[in-house]
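Chains, contacts and geometry: an overview
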Amino acid sequence: MEKLPKPPPHLSKAAKKWWKQVVADYDLDAHHIHLLQLACQALDRGNAAREVIDRDGMTYTDRFGCPRARPEVAVERDSRIAFARLVRELAIDAPTPEAPRMPRTADYGARR
């Protein structure tokens with residue numbers, strides 16, 4: 001029986017739980033473990049930003065009296081994107097599709 005890799009100690013309880021579930025359910029290579037760690041860190045970072053947003057709101061008023069988005073809004077957004085991409089790279093959210101995704105081309109946004 002192969003020993004499963006332990007989650008890094010700096011991860012939150014929720015991220016550690018997800019880590020353990022993923023390594024138990026999937027056969028991961030060494031480079032996948034690094035991607036999994038990055039995904040867990042992105043999950044934690046996004047959750048930390050969400051806590052600040054919930055506590056302080058999405059905006060603040062700058063010195064000129066104009067409303068501005070809090071920096072945590074961008075941190076949460078970027079963390080969600082990073083998490084989604086890392087999960088996709090790990091291919092743990094769904095079975096591998098029969099055909100790969102179409103590559104983005106120069107006219108990607110113009111197609112209808």
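Let me begin by describing the structure that accompanies this report. (Residues numbered from 1 in each chain as written. Predicted model: local features only at pLDDT ≥ 70, side-chain atom pairs only at ≥ 80, totals over all residues. Heavy atoms only, no water.)

1. Describing the packing of helix H2 (residues 30–56) against helix H3 (residues 71–90)
H3 packs onto H2 with a crossing angle of 155° between their chain directions and a minimal axis gap of 8 Å. Put simply, H2 runs roughly antiparallel to H3. As H2 runs across H3, the sense of the crossing is left-handed. Residue composition of the contact of H2 with H3, by class: 15 nonpolar, three polar and five charged. (Axes fitted to C-alpha atoms, helices over the stretch in contact; angles between N-to-C directions. Helix = DSSP H or I, 4+ residues; strand = E, 2+ residues; numbered from the N terminus. Parallel < 35°, antiparallel > 145°, perpendicular 65-115°, else oblique. Left-handed = near helix turned anticlockwise from the far one by under 90°. Nonpolar A, V, L, I, M, F, W, Y, C, P; charged D, E, K, R; others polar.)

2. Describing the nonpolar core
Within the largest apolar cluster, 15 residues are counted, with the highest numbers of intra-cluster contacts made by Trp18, Trp19, Leu36 and Cys40. Here this core gets five residues from one element, more than from any other, and that element is helix H1 (residues 13–25). For Leu36, the residues in contact, after removing those within four places along its chain, are Trp18, Trp19, Val22, Val23, Leu28 and Leu90. (Core = buried A, V, L, I, M, F, W, Y, C linked by side-chain atoms within 4.5 Å. Buried < 20%, exposed > 50% of the residue type's maximum accessible area, 1.4 Å probe, protein only. Contact = heavy atoms within 4.5 Å.)

3. Points about unusual backbone geometry
Although it is not a glycine, Ala91 sits at a positive phi angle of roughly 55°. Here Ala91 is to be found in the segment after H3. For Ala91, a relative accessible area of 34% corresponds to the partly exposed category.

4. Some words on H1
For H1, built from 13 residues, the straight-helix expectation of 18 Å at 1.5 Å per residue is met to within 8% by its first-to-last C-alpha distance of 18 Å. Among the residues of H1, those classed as buried are Ala15, Trp18, Trp19, Val22 and Val23. Relative to the axis of H1, the buried residues are bounded by an arc of 130° and lie together on one face. Away from its buried face by more than 90 degrees, H1 exposes Lys13, Lys17, Lys20, Ala24 and Asp25. (Expected span 1.5 Å × (residues − 1). Arc of directions from axis to C-beta.)

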